[in-house]
Every structure is written in C-alpha cells, then in structure tokens.
Amino acid sequence: MNRSWSRTTLSIAGAVTALAVVTACGGDGDGSGDGGGTGTGTAAKPVTITFWGWAKGTKEVVDAFNASHENIHVKFEETPSGNAGGYAKISNAIKAGNAPDLVSVEYPQLPEYVSQGGFQDIGKYLTDDVKKKFLPQAVEQTTLGGKSWAVPFDAAPQAFFYRKDLFTKYGIEVPKTWAAFKSAAEKVEKADSKARIGTFFPDDPTTFEAMVWQAGAQWFKAEGDTWKVDTTDAATTKVADYWQGLVKDGLVRTDASFSPAWTNSLKTGATIGYLGASWGGGVLGSTLPEQSGKWAVAPIPTWDGEPAGGMLGGTTFAVPKNSGKAAAAVEFATWMTTTEDGIKARISSGTSSAFPAALALRPTAKKAFDTEFYGGQDIYQVFEDGGAAIKQGWTWGPAMGTTNTTLKDRFGKLAGGGTTLPDAVKAAHDATVAELSKRGLKVEG
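Scope of this entry: the structure provided in the associated data block.

1. Digging into the overall build of the protein chain
And step 1. A tally of helices and strands in the protein chain yields 18 helices and 15 strands.
And step 2. At 21 Å, the protein chain has a C-alpha radius of gyration in line with the 22 Å of a compact globule built from 445 residues.
And step 3. When burial is assessed residue by residue, the protein chain has 57% of its 445 residues classed as buried.
And step 4. Long-range contacts, defined here as pairs at least 24 residues apart, represent 80% of the contacts in the protein chain between residues at least 6 apart.
And step 5. Averaging the positions of the 44 positive and the 47 negative side-chain charges in the protein chain gives two centres separated by 2 Å.

Next up, the structure:
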C-alpha cells in the first residue's frame, strides 16, 4: 500500500452488516444477455456497449479504446454532471428499463443506487488482481454488503486554487488556516470591492460535505443493522457557523458551481480563488485558457494549520441492473482505470487533472498533465499530500439523494436570507432520517 494513504482507511468496511440489509434488494444481474455477459466479443463479432458519463477527457478515452480494441465497441453519450441532471437521467433510465451498460457515478451516490437495486454486482468480473491495483480505500467505498458494485477511477482530495498574480498584487498570503482564509477574504474585498476570494456553491452540497469531513464529522455510522445519523456534532456546527458568517458578511460569492455567472467572475478577476478538488485543476485550465500561468494550487486550509482534508466527489463506473453486457462493460471500465493508455488518453486531453485511484498510474498522470497553466507547478504533489491527509471515519449514507436534495433546496435560499446553514443541515438530517425509516431501515438520530 502507498504509505501516504495508509492513514485514511474509511469506516465503510465497518458498515457491512447494515449495508447487507440495504443491499439485500440490490440488483444482482448476471449480465447474461446477447453474448456480452459471459464474454466480451471477438473481432468478427464485437460487443457494442453504451456508456454515459460527464468527466473531462472521457470522449478521448473512448476514442482511444475503440481504436485499440476489436472485441468491444463503446458508444459514448455525454450527459450533464450528476448534480446538473446526470443522476436524474440515470435513475429515470433504470426505472424505465432502458439504461446504458455503464454509467459514471460518484462515491457519495453509489450507496443510494445500490440500496435501490439500480446496479448489479460485478464481483465475478472484477478480480482480486485488479482490485489490488486500486487505493484500498477506493475499493472499500465500492464494496457494499460484501459485494463489488463499481470500478473505482479516481480519488479526489481537496485543494485550493488561487490567482497567484492577484494574491501578489493585493499583498495576500495563501491561507493555511480557516481563520487566515477569512482574514484573506476581508483583504480581498478591501483591495477590490468587486472581488471575492471564493464561492460557496449553493447547488453543490458535496463541497460542504467535504468541509465537514475535513473537520472530523461523521454523519453516518452503521452499527449492527442500524444506521446512526448525526449532523449536529461539534465539527459540523463549527463548519456551518463559519460559512454562514462568510455568506452573511458577503465575503464569498454564492453562484452556482460552473455556472455562467461563476465562470464570468473568474474571467474578470471578480473571483480569485476556488475551493475544489484534484479534478478541478483540469476544469480551470480548460475554462480559462487565457489565464495560463496566473493560477497556482495550495493545500486546503485547515482549522489548526495541520494537514487535513476530505474527498470531494471522485468517480466510479457501475453497471445498471438491466445490462446484459456486464463483462464487456467491466473490461472497458478496467481499461479506463488501470492502464497507462487509458490514463494518458484522459489527461493528455488537456481538460482533466484526475488523480487515479490506481496507485501505479499516478506518475503516468503527472507526466501526462501539462503544467503550463499553473506556471510549471507540480500540482500532483499537492494532490498526493492532500490525499495523505484525508481524515478517517467518514461513511456515505444510503439515502444521499434525499440528504443532498434537501441541502441543495435550503442552500439556494441562503443568499436571500431565507434560511441559515445550520437550519439547512438540520432540515437535511430530519429528511434523511424520515427517508431511511420510510424504507424500513433501523435508524437512530
């Protein structure tokens, strides 16, 4: 195991008993349809699979796979990102029985789909030799109830992206603590009344969840056959109060993530920082090519100045329950995630800075990434250090759709003063407990 990640074992392994109850109704398709389930085709009779995804560089990966494989052909459809409608599209397709053979799904949403029986167990196609290539924590997050539900692609440690030219112009030091981040936010506003240090994304609860993860919160715990839900702990309260203060004082923007308003604020220098994750490096570079050389990456600020972090997103690839081509889908997913050719195709697109869950491929990703946008900075070292600092103990719940929908609805009212962050978190807690109870699960909280 990579020593830098050895401290980050997640608690999902300890949630097997409760998850076994959750996954009892999960899809367990054997992929036996049209010859693609038990085999992956031949050059004379290739298997065609359909794949939905939105991650940067995916088209280039599909093109590279199709050019180098004769037994499988991938038809790719780019979908909106999960929060922008991708998950709704996947859910509707699964319900209608016309889902594709492979879909992108982030770690936080995986238990939701599994608990609803939307995906099939792919354990028979994902061998132990393949699993050993991945970060153990990524395998743990895709193994629920003792079954394998997805092929992990990347890890997503938090990072702070900032306009180093404007930080220098305004005489601002890169903040190492959240107290220093607030002070820096005040200095930015004082230096330019139209500028802000960053954005609180009302449409993206996962960014907030990464913050509370970093602070040491543990919203979900599975003990025996019971889910314990707690969003009122000291860590969550501290983070909610902090960001409520920044929003109330107007020290950060509240634009939707990757919206035209947010992008325009970056282009004009009205927003000079971005609290994101490893994958954000490629997003900024492809969005703001005219600002090449002006950006840099730093560790995410922490509460005490010591390295700490959570994971913000991170992609896996899962096979919907009705696909009859699981073997071919997993072969393609494995190629995307564990081969140098797959990683090179994605990173060399110039739009992706993915941090592979396959440990051996990180040097390949680092070498393939063009660092010109960041002035030659080794941003992958920042990601490596950030990954080493991810806190232990976080488990995603089996009803994150309900949790995040409630948070998103309430967060949308923050800017107008219609709610507060603490109230939004409380509402999400109550909605989640009610949903788990509705599903017949034992829950405390």
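2. A short note on the packing of helix 17 (residues 400-411) against helix 18 (residues 421-438)
And step 1. Here helix 17 crosses helix 18 at 150 degrees, and the two axes come no closer than 8 Å. When the interaxial angle is binned, helix 17 and helix 18 end up roughly antiparallel. Between helix 17 and helix 18 lies a crossing whose hand is right-handed. Contacts between helix 17 and helix 18 involve T402, T403, T406, L407, R410 and F411 from the first element and L421, A424, V425, A427, A428, A431, T432 and E435 from the second.
And step 2. Across the contact of helix 17 with helix 18, the residue classes tally to eight nonpolar, four polar and two charged.

3. Structural notes on the pairing of strand 1 (residues 47-53)
And step 1. Counting buried residues in strand 1 gives five out of seven residues, a clear majority hidden from the surface.
And step 2. Bridge count between strand 1 and strand 2 (residues 72-78): seven bridges; the pairing is parallel. Residue pairing in the sheet places F51 in a bridge with F76 of strand 2.
And step 3. As a crossover connection, the stretch from strand 1 through helix 2 (residues 58-68) into strand 2 is right-handed.
And step 4. In terms of strand pairing, strand 1 meets strand 3 (residues 102-106) through two bridges, oriented parallel. Each residue of the ladder has a partner; that of F51, found in strand 3, is L102.

4. So, the nonpolar core
And step 1. Counting 114 residues, the largest nonpolar core has F208, W243 and L284 as its most contacted members.
And step 2. For this core, the leading source of residues is helix 13 (residues 326-338), giving nine residues.
And step 3. Beyond its immediate sequence surroundings of up to four residues, W243 is in contact with W178, F181, F200, M211, V252, L275 and L421.
And step 4. Core analysis: the second largest hydrophobic core is formed by 16 residues, W52, Y87, F119 and A150 among them.

5. Quick word on the sheet that holds strand 10 (residues 226-229)
Where strands meet in a sheet, backbone hydrogen bonds hold them as pairs that are either parallel or antiparallel.
And step 1. The strand order 9-10-15 describes an open sheet built from three strands, whose pairing is mixed. At either margin of the open sheet sits one strand with a lone partner, and together these are strand 9 (220-223) and strand 15 (442-444). Averaged over all pairs of adjacent strands, the angle between their axes in this sheet comes to 25 degrees, without regard to strand direction.
And step 2. As defined by bridge partners, strand 9 adjoins strand 10 across four bridges and the pair is classed as antiparallel. Across the sheet, residue A222 finds its bridge partner in strand 10, namely W227.
And step 3. Contacts between helix 18 and the sheet are confined to strand 9, strand 10 and strand 15, with strand 10 contributing the most and set at about 170 degrees to the helix.

6. What to know about unusual backbone geometry
And step 1. Phi at F258 takes a positive value of approximately 60 degrees, unusual for a residue other than glycine.
And step 2. Counting through the fold element by element, F258 comes out in the loop between helix 10 (234-248) and helix 11 (260-267).
And step 3. Here F258 falls in the partly exposed class, since its relative accessible area comes to 38%.

7. Side note on the side chain of E106
And step 1. With respect to the helices, strands and loops of the structure, E106 is situated in strand 3.
And step 2. Salt bridges are absent for the buried E106, whose nearest opposite-charge side chain, K408, sits at 11 Å.
And step 3. In this structure the side chain of E106 is engaged in a polar contact, spanning 2.6 Å, whose partner is the side chain of Y87.
And step 4. Aside from chain neighbours lying at most four places away, what touches E106 is W54, Y87, G313, G314 and T315.

8. Description of the sheet that holds strand 6 (residues 151-152)
And step 1. Judged by pairing direction, the sheet is mixed, and its five strands sit side by side in the order 2-1-3-13-6 without closing on themselves. Taken across any chain shown, the strands that pair with only one partner, and hence form the sheet edges, are strand 2 and strand 6.
And step 2. In this fold helix 2 packs onto strand 1 and strand 2, with an angle of close to 165 degrees to the strand it touches most, strand 2.

9. Overview of helix 2
And step 1. For helix 2, the complete set of buried residues consists of T58, V61, V62 and F65. All buried residues of helix 2 lie within an arc of 95 degrees about the axis, which places them on one face of the element. Along helix 2, the residues that are exposed and aim more than 90 degrees away from the buried face are K59 and A67.
And step 2. Against strand 1, strand 2, helix 13 and helix 14 (340-347) lie the buried residues of helix 2.

Conventions and cut-offs
- By convention here, each chain's residues receive numbers from 1 onward along its written sequence.
- Two thresholds apply to this predicted model, a pLDDT of at least 70 for residue-level local features and 80 or more for giving and counting side-chain atom pairs, whereas whole-chain, interface and lining totals are computed over all residues.
- Hydrogens and water are ignored here; the side-chain numbers use all heavy atoms of the structure.
- Strands here mean DSSP runs of E at least two residues long; helices mean DSSP runs of H or I at least four residues long; both are numbered from the N terminus.
- This radius of gyration counts C-alpha atoms alone. The globule rule is 2.2 Å times how many residues there are, raised to the power 0.38.
- Buried means the residue's accessible area, taken with a 1.4 Å probe over protein chains only, is under 20% of the maximum for its type, while exposed means over 50%, and partly exposed covers the values in between.
- Working rule for contacts: check all heavy atoms of both residues, and any pair within 4.5 Å makes them a contact.
- A positive count includes Lys and Arg, and a negative count includes Asp and Glu. His and the chain ends are not counted in either.
- Charge positions come from single atoms, namely NZ of Lys, CZ of Arg, CG of Asp or CD of Glu.
- To obtain each axis, a line is fitted to C-alpha atoms, and for helices this fit is confined to the stretch in contact; angles are then taken between N-to-C directions over 0 to 180 degrees.
- By definition in this entry, angles of less than 35 degrees are roughly parallel, angles greater than 145 are roughly antiparallel, angles of 65 to 115 are roughly perpendicular, and the rest are oblique.
- Note on convention: near helix rotated counterclockwise from far helix by under a right angle means a left-handed crossing. Clockwise means right-handed.
- Amino acids outside the nonpolar list (Ala, Val, Leu, Ile, Met, Phe, Trp, Tyr, Cys, Pro) and the charged list (Asp, Glu, Lys, Arg) are all regarded as polar, and Gly is one of them.
- Here, any two strands with at least 2 DSSP bridges between them count as paired.
- If you view a crossover with the strands going away from you and the path from the first strand over the helix to the second runs clockwise, you call it right-handed.
- What makes a nonpolar core is a set of buried Ala, Val, Leu, Ile, Met, Phe, Trp, Tyr and Cys residues whose side-chain atoms join them at distances within 4.5 Å.
- Each salt bridge in this description consists of a side-chain nitrogen of Lys or Arg and a carboxyl oxygen of Asp or Glu lying within 4 Å of one another.
- We call two N or O atoms a polar contact when they sit within 3.5 Å, provided that within protein one can donate a hydrogen and the other can accept it, with sequence-adjacent residues counted only if both atoms are side-chain atoms.
- In this description, one arc is meant: the one made by directions from the helix axis to the C-beta atoms.

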